[in-house]
Amino acid sequence: MFPLADDNAGRRTTPFITWGLIAVNVAVHLYQMSLGDAATAFIFTWGLQPYEIFRLQDMAAIVTSMFIHGGILHLVGNMFYLHVFGDNLEDVMGHGRFLVFYLICGLAATAAHVAVDPMSQIPTVGASGAIAGVLGGYIRLFPTASVRTAILGFIIRTVPAWFLLGYWFAMQAWNAWATLGDTGGGVAFMAHVGGFVAGFLLVGAFTDTFALARQRRLRAEHHAILAARREQSPY
């Protein structure tokens, strides 16, 4: 299942941080593509190697690795999730708090990944750990929000956020368990789990209560209007 859009009405601010994060990730990937054969060295230099972090070396990679992706599909998938869900959290947190929240979730994702494979020297890259934190925060704040979702690539359905994101988390947790102990490369499922849990637990500390209440009120009004229109429609 892949999210296409949500129906969270009532945004009061322009999501500059969400857009900025997307822009930086895209810019870094374009630069990475321009390197040609040197792109691999770029990933090893700026990507996160658990062995180095475990030895408290190359700590800057904890942040730089969040803006590097392994391919165009990796980038597009991550940025679409951030686009759909990030603006809502930024709206209720404010720009600065959302950025801090995003980075902290990324740090938690890194910690979870390093904890299960501290001797790995395979570079880990991608924004998915931090974005998993955004998903964890979203499911806690907006569990009943409707999300337009592509199922099996071509079936479009609207499902509640708790179902979509709950399914996503269950798949990450299952795959993290199934691959526990693997030493080869692949998806860092435990990073997704760590980021999601961190976002779910921390989102309350970063939330503007009044902004959240306003957004929920406007969402309720939005749904009431849609329901009234459906009742009036002859079709």
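Our subject is the structure that appears above.
Residues numbered from 1 in each chain as written. Predicted model: local features only at pLDDT ≥ 70, side-chain atom pairs only at ≥ 80, totals over all residues. Heavy atoms only, no water.

Student: Provide a residue-level description of the side chain of Ser128, including the pertinent values.
Tutor: Mapping Ser128 onto the fold places it in helix α7 (residues 128-141). Ser128 has contacts with Asn78 and His192, leaving out every residue within four places of it along the chain. (Helix = DSSP H or I, 4+ residues; strand = E, 2+ residues; numbered from the N terminus. Contact = heavy atoms within 4.5 Å.)

Student: Could you give an account of a nonpolar patch on the surface, naming the residues involved and the relevant values?
Tutor: The grouping of Val100, Ile104, Leu107, Val197, Phe200, Leu201 and Leu202 at the surface amounts to a nonpolar patch, some 540 Å² of accessible area in total. Where the nonpolar patch is concerned, the elements lending two or more residues are α6 (95-116) and α9 (189-206). Within the fold, Phe200 resides in helix α9. (Patch = residues over 30% accessible without salt bridge, like charges linked within 9 Å, V, L, I, M, F, W, Y side chains within 5 Å. Areas by Shrake-Rupley, 256 points an atom, 1.4 Å probe, with all protein chains shown as cover. Salt bridge = Lys/Arg side-chain N within 4 Å of Asp/Glu carboxyl O.)

Student: Requested: an account of the side chain of Asp7, with residues and values cited.
Tutor: With respect to the helices and strands, the residue Asp7 is situated in the loop between β1 (2-6) and α1 (16-34). Among all residues touching Asp7, those that are not within four sequence positions of it are Ala145, Ser146, Arg219, His222 and His223.

Student: Break down the sheet that holds strand β3 (residues 155-160) for me, with residues and values.
Tutor: Remark on secondary structure: sheet strands pair via backbone hydrogen bonds, oriented parallel or antiparallel. Taken in spatial order, the three strands make up an open sheet running β1-β2-β3, and their pairing is antiparallel. Two strands in the sheet have a free side with no partner beyond their single neighbour: β1 and β3. Each strand axis lies, on average, 30 degrees off the axis of its neighbour in the sheet, ignoring direction. Alignment of strand β2 (residues 146-151) against β3, held across six bridges, turns out to be antiparallel. Across the sheet, residue Val147 finds its bridge partner in β3, namely Val159. (Pairing = 2+ DSSP bridges. Axes fitted to C-alpha atoms, helices over the stretch in contact; angles between N-to-C directions.)

Student: Before we move on, can you summarise α7 with the specific residues and values?
Tutor: For α7, which comprises 14 residues, the first-to-last C-alpha distance of 20 Å matches the rise-based estimate of 20 Å (1.5 Å per residue) to within 8%. Along α7, 13 of the 14 residues are buried, which leaves the element largely enclosed by surrounding structure. (Expected span 1.5 Å × (residues − 1). Buried < 20%, exposed > 50% of the residue type's maximum accessible area, 1.4 Å probe, protein only.)

Student: Outline the pattern of salt bridges, listing residues and values.
Tutor: Going through the model one piece at a time under the given rule, you end up with one salt bridge. Put simply, Asp208 and Arg97 hold a salt bridge, and the shortest N to O gap is 4.0 Å. Note that Asp208 is positioned in the loop between α9 and α10 (209-232) and Arg97 in helix α6, a separation of 111 residues in sequence. Residue classification places Asp208 among the buried residues on the basis of a relative accessible area of 19%. Judged by relative accessible area, which is 37%, Arg97 ranks as partly exposed.

Student: Can you tell me about unusual backbone geometry, naming the residues and giving the values?
Tutor: A positive phi angle is found at Leu56, which is not glycine, with a value near 60 degrees. Turning to its location among the elements, Leu56 is positioned in the loop between α3 (50-54) and α4 (61-64).

Student: Which residues make up the environment of Phe196, and what are the values?
Tutor: Within the secondary structure layout, Phe196 lies in helix α9. The class of Phe196 is buried, set by a relative accessible area of 6%. Phe196 sits 61 residues away from Leu135 along the chain, and the two C-alpha atoms are 6.3 Å apart. Residues in contact with Phe196, not counting those within four places in the same chain, are Ala132, Gly133, Leu135, Gly136, Ile139, Leu165, Trp168 and Phe169.

Student: Just give me the short version of the packing of α7 against α9, but keep the residues and values in it.
Tutor: With their axes 6 Å apart at the nearest point, α7 and α9 run at an angle of 40 degrees to one another. Here α7 lies oblique to α9, going by the angle between them. For α7 against α9, the interelement crossing comes out right-handed. Taking contact as the criterion, the partners of Ser128, Gly129, Ala132, Gly133, Leu135, Gly136, Gly137, Ile139, Arg140 and Leu141 in α7 are, on α9, Ala191, His192, Gly195, Phe196, Gly199, Phe200, Leu201, Val203 and Gly204. For the contact of α7 with α9, the per-class residue count stands at nine nonpolar, nine polar and one charged. (Parallel < 35°, antiparallel > 145°, perpendicular 65-115°, else oblique. Left-handed = near helix turned anticlockwise from the far one by under 90°. Nonpolar A, V, L, I, M, F, W, Y, C, P; charged D, E, K, R; others polar.)

Student: How would you explain the packing of aromatic side chains if you had to name every residue and give the values?
Tutor: Where two aromatic rings form a pair, the distance of their centres and the angle of their planes describe that pair. Scanning the model with the defined rule gives eleven aromatic pairs in all. With a centroid separation of 5.5 Å and an interplanar angle of 65 degrees, the aromatic rings of Phe101 and Phe206 are classed as edge-to-face. With a gap of 105 residues between them, Phe101 in helix α6 and Phe206 in helix α9 connect regions that are remote in the sequence. Classification of Phe206 as buried rests on a relative accessible area of 13%. (Phe/Tyr/Trp six-rings, centres within 6.5 Å; stacked < 30°, edge-to-face > 60°.)

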